[in-house]
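# Breakdown of the fold
Residues per chain are reported as follows:
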Amino acid sequence: MRHTTRTRRLRRGSLGVALIATAALVTLPGQLPATAAETPLSQGRTVTSSSDENAGTPARNAVDGDQGTRWSSAASDDQWLQVDLGVTASVTRVVLDWEAAYGKDYKVQLSQDGAGWRDARTVTGGDGAVDTVDVSGQARYVRMQGLQRATPWGYSLWEFQVFGTTDSTPPATCDSADAARGKPASASSVENAGTPASAAFDGDSGTRWSSRPSDPQWVQVDLGSVRDLCKVDLNWEAAHARNFQIQTSADGQDWRTLKEVTGATGGQTSYEVNGSGRHVRILGTARATGYGYSLWEVGVHTTSGGTGPIQGGGDLGPNVIVVDPSTPDLQQKFDQVFEQQEESQFGSGRYQFLLKPGTYNGINAQLGFYTSVSGLGLNPDDVQINGDLTVDAGWFNGNATQNFWRSAENLAINPVNGTNRWAVAQAAPFRRIHVKGGLNLAPNGYGWASGGYIADSKIDGTVGPYSQQQWYTRDSSVGGWTNGVWNMTFTGVEGAPATNFASGPYTAFDTTPISREKPFLYLDGSTYKVFVPAKRTSSRGVSWPANAGGTSLPLDQFYVVKPGATAATINAALAQGLHLLFTPGVYHIDRTIQVNRADTVVLGLGLATIVPDGGIDAMHVADVDGVRLAGFLIDAGARNSDTLLQIGPAGSSADHSANPTTMQDVFVRIGGAGPGLATNSVVVNSDDVLIDHTWIWRADHGEGVGWETNRADYGLRVNGDDVLTTGLFVEHFNKYDVLWNGERGRTIFFQNEKAYDAPNEAPITHDGIVGYAAYKVADTVNDHEAWALGSYCNYTSDDTIVQHHGFQVPVKPGVKMRHLMVISLGGKGQYRHVINDTGVGTSGTDTVPSKIVQFP
């Protein structure tokens, strides 16, 4: 049965004529103005579809409030359009404003999670026009599920509007999960070694903590981050407390009492509490027996939602150091951070220097690990350093191959001696820099180096890579380029050397096919804003000072994430429509960060680091337009995650060519800082994604390193079509480092090392082949192109391993691979071929590339 009200508006280009309403479908023309005056809950929200007819009719057109734009699907019956309202709403009606290609039969469906759907109404025998479908139910997601089309065309909607009510401050819910289980615990005392503090938080009611027989005594747990607390469960052994307090603390030092209990009788009890903290303590003040205090279990529950609207903007936190030319002891500030961070490869310190516009004289800013320096001007020349911005390798005896995780951006350097030294390895981007002189990419003494990446920069003098094994430079200008070891690649670089790959290291393209510069923080007067550059095609040279086509977002549109923030709050901020600005810090999260809204910016400062706990995925991005991920690190947790970063759910198919999602300076690490596990590091399911500089790394050194200890099968898996990667670094995975399943993919520059720690040939042998290719294009793919790819082996556990090839692709006319090399590092293992069964193998201990200029 239909519960609809219909009217018809004629438009230029619409097929058909107005229809007279029948008795069963009463026309109420007076409804339309009232409906138009009420803003739909769906307007401007994240919307996805089963398909889009073409780039001009994307899903977002159906919720943009413009009755002159439309969504249309592919020409088949089983098609759908769904909108994410951002919060759960009481949905009362859905208005479908059909174009001439309308749905004859369709359902309106509701869902709380976007996965499980229930039918709210089924409409049959529809005749187009404007359908107002009355519904009733709680839902966050609303969908039109097409059953049968009325025309040979697809389904087409001018507007899809959802109406109802939503509480801007939804009630908080107390999670049933125990947030304290398995977390670090301590106590004032223990009765004996068999009754440790940890036994009260292990989830086992057969183990217990017990104290010495005196008052007062306490047991406490560290939840890992500040949480909103709602309930504490206590399961006392016979030796219970008569009087006690439930306390909380943000730092484990200053305590606040949430609940004071007197005359308690023990047993299993629960207490509602209201407060926040990272540490929770049970402080016994009077025992009920002559024994100590004894607890079988302590459970801690936290709230989700219900805290009211989250405010954007605010200060940038304690690890962002904002300076201007008059800041006293400025050199000392740089030196203090460098002293702490120079050798702190796997430490927890994170720092961001922000330089206000002006001229800085006599500065040598040395950058250690997890340190970033950025100018706050709209253009690089707004911040002038008469001095140096230095990365060297004295901490590692002149070896720069581990100078990871640091960055410089958006400023000008006038080097003291005419040449600035930037001796880095992977994950150390150099963006929007004007060097008024030369740039030396090698360490003092010209020791080993393994970098690197430059983009949107102007170097007036000569760039000397010297000992750098590989380097990618994009959309820049150089006064000259001298030397190079194996793989030096340039796209859109004015002054780049000519291609000579057959005999030398250079691959050069006049332009970059698609580029989009990284978002960056700047000052507009005294107001912080984030500039979001526009997409460029066939780009060449720097994007500044014009910054054409970009947009500025004020900081109050960002949730400024600070250490201690919870994933629940981060997701609530995203659902509220805020962008994210992660300030420097390490963020342990207990649920997946969900980026569901088109054009959301997720920007990190100071290599902000996200660690998923408990085996969850770190971040999921919906199949929407224009999400910008930039400037942060994802570090795998100790329990295996299926996928650390997923861009688009499985089966994504929307066209994002006009406004692609971009991933820039987003780095992924498995192990090194401790055991880390992930089956997949990055999975791209959406179409048209642009990956511009990433290092996806399964650690070969540090803590928690071993073939199974930090197991990670895949680095990058691409399932979406028309994905472009520029500056792709992926290393050491147990299986394929890159596995490409999507059509029309393109890669420009790829650097890889195979896993050092393969114990022997057996665990890497598959399908009769020894070794997983560093870069595999699936047999089902018909079109793929790649240029300037290098794979190196260094099999330190078994140096007799002979890897069959570095690259594996189907032999088809549309699959074109150019400028490939494989190298044995010091004879630790060998390659039999370069690609498939083609190319001579490496041999002996010579680190001389075996090359293929083109295949097939």
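Preceding block: the structure.
Not measured: the values here are computed from a predicted model.

Calculation rules
Residues numbered from 1 in each chain as written. Predicted model: local features only at pLDDT ≥ 70, side-chain atom pairs only at ≥ 80, totals over all residues. Heavy atoms only, no water. Pairing = 2+ DSSP bridges. Helix = DSSP H or I, 4+ residues; strand = E, 2+ residues; numbered from the N terminus. Salt bridge = Lys/Arg side-chain N within 4 Å of Asp/Glu carboxyl O. Buried < 20%, exposed > 50% of the residue type's maximum accessible area, 1.4 Å probe, protein only. Phe/Tyr/Trp six-rings, centres within 6.5 Å; stacked < 30°, edge-to-face > 60°. Lys NZ or Arg CZ within 6 Å of the ring centre and 35° of its normal. Core = buried A, V, L, I, M, F, W, Y, C linked by side-chain atoms within 4.5 Å. Contact = heavy atoms within 4.5 Å. Disulfide = S-S within 2.5 Å.

Turning our eyes to something else, we now look at the sheet that holds strand 46 (residues 678–684). Strand order in this open sheet of eight strands is 40-42-44-46-48-50-54-57, and the pairing throughout is parallel. Bordering the open sheet on either side are strand 40 (593–595) and strand 57 (807–808), each of which pairs with just one other strand. Looking at chain direction, strand 44 (residues 641–647) and strand 46 are connected through five bridges and run parallel. Of the residues in strand 46, the one forming a bridge with Thr643 is Asn680.

A pair can form between side chains of opposite charge whenever their charged atoms are brought close. Inspection of every chain in the model, using the stated rule, returns 32 salt bridges. Among the ionic pairs, Asp590 bridges to Arg227, the shortest N-O distance being 2.8 Å. Of this pair, Asp590 sits in the loop between strand 39 (586–589) and strand 40 while Arg227 sits in strand 12 (residues 217–236), and the two are 363 residues apart along the sequence. Residue classification places Arg227 among the buried residues on the basis of a relative accessible area of 8%. Salt bridges here are not isolated pairs; linked through shared partners, they connect Arg431, Arg474, Asp475, Glu517, Arg536, Asp665 and Asp692.

Moving on, we come to the packing of aromatic side chains. Under the definition given, this model contains 33 aromatic pairs. Here Phe404 and Trp695 contribute two aromatic rings whose centre-to-centre distance is 4.5 Å and whose plane-to-plane angle is 45°, an arrangement assigned as tilted. In this pair, Phe404 is assigned in the loop between strand 21 (383–390) and strand 22 (406–413) and Trp695 in strand 47 (residues 690–698), connecting sequence segments 291 residues apart. As far as burial versus exposure is concerned, Phe404 and Trp695 are alike and both buried. Between Tyr522 and Phe531, the ring centres sit 6.5 Å apart and the planes meet at 75°, which makes this aromatic pair edge-to-face. Looking at Tyr522, the relative accessible area reads 5%, which means it is buried. Put simply, the rings of Phe346, Phe369, Tyr370, Trp395, Phe396, Phe404, Trp405, Trp695 and Trp697 touch in pairs and so form one group of aromatic residues. Geometry around Trp117 places Arg143 over its ring, the cationic atom sitting 4.1 Å from the centre. Just above the ring of Phe369 sits the side chain of Arg406; from NZ or CZ to the centre is 4.5 Å.

Moving on to the nonpolar core. In terms of nonpolar packing, the biggest core is built from 82 residues, with Phe582, Ile593, Leu629 and Tyr775 touching the most fellow members. Contacts of Leu629, omitting those with residues within four sequence positions, involve Val602, Met619, Val621, Leu645, Ile647, Thr662, Met663, Gln664 and Val666. Within the second largest apolar cluster, 38 residues are counted, among which are Leu355, Trp422, Leu439 and Trp481.

A word on the state of the cysteines. By the definition in use, this model includes one disulfide. The disulfide partner of Cys174 is Cys230, and the S-S distance across this bridge is 1.9 Å. What sets the handedness of the Cys174 and Cys230 disulfide is the S-S torsion sign, and at about 80° it is right-handed. Residue Cys174 is located in strand 9 (residues 173–174), and its partner Cys230 is located in strand 12; the two are separated by 56 residues in the primary sequence. The exposure class assigned to Cys174 is partly exposed, which follows from its relative accessible area of 39%.

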